[in-house]
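Examining the three-dimensional arrangement
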Amino acid sequence: MARKLAAGNWKMNGTGEALGEIDALVAAHPAPICDVLICPPSTLLSRMSDRTNATKIATGGQDCHANSNGAHTGDISAQMIADAGGSFVIVGHSERRADHGETDADVATKAKAVWDANLIAVICVGETLAEREAGQTIDVVAGQLAGSIPDGATGANTVIAYEPVWAIGTGKVPTLDEIAAVHADIRARLSQRFGSHGTDMSILYGGSVKPSNADDIFAVPDVDGALVGGASLKADDFGGIISALERA
Ligand code: 13P
């Protein structure tokens, strides 16, 4: 069985004062019955991990370098994320693919680096608006899955996040039927390639998830949680999404 996960991606948002949101989240949700993850900017990771250490909230990084150390100015490694208290790393987010030209092969190499540090990789896939309008969604996502997930993926070391690029930060969300079609296809491909490990992998939906639409999205088969951007920055909003996942 795939575990339920509410994951927040703070992207390039938040300085020290934003850590108060974590305290508020813990106070409101001291014992969530789903997994909860927040991936802050790397400048906050260590401080956030110290705050969440004794709670049920996990922390993680938003990207990592493929190598564990070396002459790579400005990058951080999965080992460094582990050292800062993280237990997950997002790889292949569409903003990394678009802004930094990351390919499926790059993403697969990074996912292996995440596993080498004994962390869990959150591997992101999703089509652009042009690809959706051209009827290519399933093919694009299938290609990204095939190229971005290394052999050896299991439910314990990998989470998949389906994030349609056009739904990120736009307030636009696919219909529930559209989400269902993509998630069912992802599940079928994971099961075909990884057997029971593919059944165990959580598949998150991401893109304009809010407390007001979370119940409907979490009722879709094979949606095991969400990867949340904007609404993860405020304890009230992210708490509402956690509550919806607990109800699902
Ligand atoms: P929004 O929730 O802000 O649309 O962002 C989704 C996302 O990109 C999470 O990784």
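This write-up is about the structure you can find in this document. (Residues numbered from 1 in each chain as written. Predicted model: local features only at pLDDT ≥ 70, side-chain atom pairs only at ≥ 80, totals over all residues. Heavy atoms only, no water.)

**Some thoughts on unusual backbone geometry**
Even without a glycine there, the phi angle at K11 is positive, about 55 degrees. Secondary-structure assignment places K11 in the loop between strand 1 (5-9) and helix 1 (19-28). Residue D222 is not a glycine yet carries a positive backbone phi of 65 degrees. Among the structural elements, D222 can be located in the loop between helix 10 (211-218) and strand 8 (225-228). The class for D222 is partly exposed, based on a relative accessible area of 28%. (Helix = DSSP H or I, 4+ residues; strand = E, 2+ residues; numbered from the N terminus. Buried < 20%, exposed > 50% of the residue type's maximum accessible area, 1.4 Å probe, protein only.)

**Concerning the packing of helix 10 against helix 11 (residues 235-247)**
Close contact between helix 10 and helix 11 brings their axes to 9 Å; oriented N to C, the two are set at 20 degrees. Taken together, the axes of helix 10 and helix 11 lie roughly parallel to each other. For the crossing formed where helix 10 meets helix 11, the hand is right-handed. Contacts from P211, A214, D215 and F218 of helix 10 reach helix 11 at D237, G240, I241, A244, L245 and R247. Looking at the contact of helix 10 with helix 11 residue by residue, the class counts come to six nonpolar, one polar and three charged. (Axes fitted to C-alpha atoms, helices over the stretch in contact; angles between N-to-C directions. Parallel < 35°, antiparallel > 145°, perpendicular 65-115°, else oblique. Left-handed = near helix turned anticlockwise from the far one by under 90°. Contact = heavy atoms within 4.5 Å. Nonpolar A, V, L, I, M, F, W, Y, C, P; charged D, E, K, R; others polar.)

**Observations concerning the environment of V125**
Within the secondary structure, V125 is located in strand 5 (residues 120-125). Assessed through its relative accessible area of 4%, V125 is described here as buried. Each C-alpha atom, one on V125 and one on Y162, is 5.2 Å from the other, the two residues being 37 residues apart in sequence. Setting aside residues up to four positions removed in sequence, V125 forms contacts with R97, V141, Q144, L145, I160, A161, Y162 and E163.

**As for helix 5 (residues 104-116)**
The terminal C-alpha atoms of helix 5 lie 18 Å apart, and with 13 residues this matches the ideal 18 Å at 1.5 Å per residue to within 8%. Of the positions making up helix 5, those classed as buried are V107, A108, K110, A111, A113, V114 and W115. Contacts made by the buried residues of helix 5 are with helix 3 (78-83), strand 4 (88-91), helix 4 (94-100), strand 5, helix 7 (137-148) and strand 6 (158-162). Positive backbone phi, approximately 65 degrees, marks N118, located one or two places after helix 5. (Expected span 1.5 Å × (residues − 1).)

**A closer look at the environment of P150**
Mapping P150 onto the fold places it in the loop between helix 7 and strand 6. Between the C-alpha atom of P150 and that of A105, which follows or precedes it by 45 residues, the distance is 9.1 Å. Residues within four places of P150 in sequence aside, it is in contact with A108, A111, K112, W115, I123, R193 and F194.

**Comments concerning the sheet that holds strand 2 (residues 35-39)**
What the eight strands build is a closed barrel, ordered 1-2-3-4-5-6-7-8; its pairing is parallel. Within this sheet the neighbouring strands show an average axis-to-axis angle of 25 degrees, counted without direction. Of the strand pairs in this sheet, strand 1 and strand 2 are connected by five bridges, and their pairing is parallel. Across the sheet, the residue bridging to L5 is D35, located in strand 2. On top of the sheet, helix 5 reaches strand 4, strand 5 and strand 6; it is set at about 160 degrees to strand 5, its chief contact. (Pairing = 2+ DSSP bridges.)

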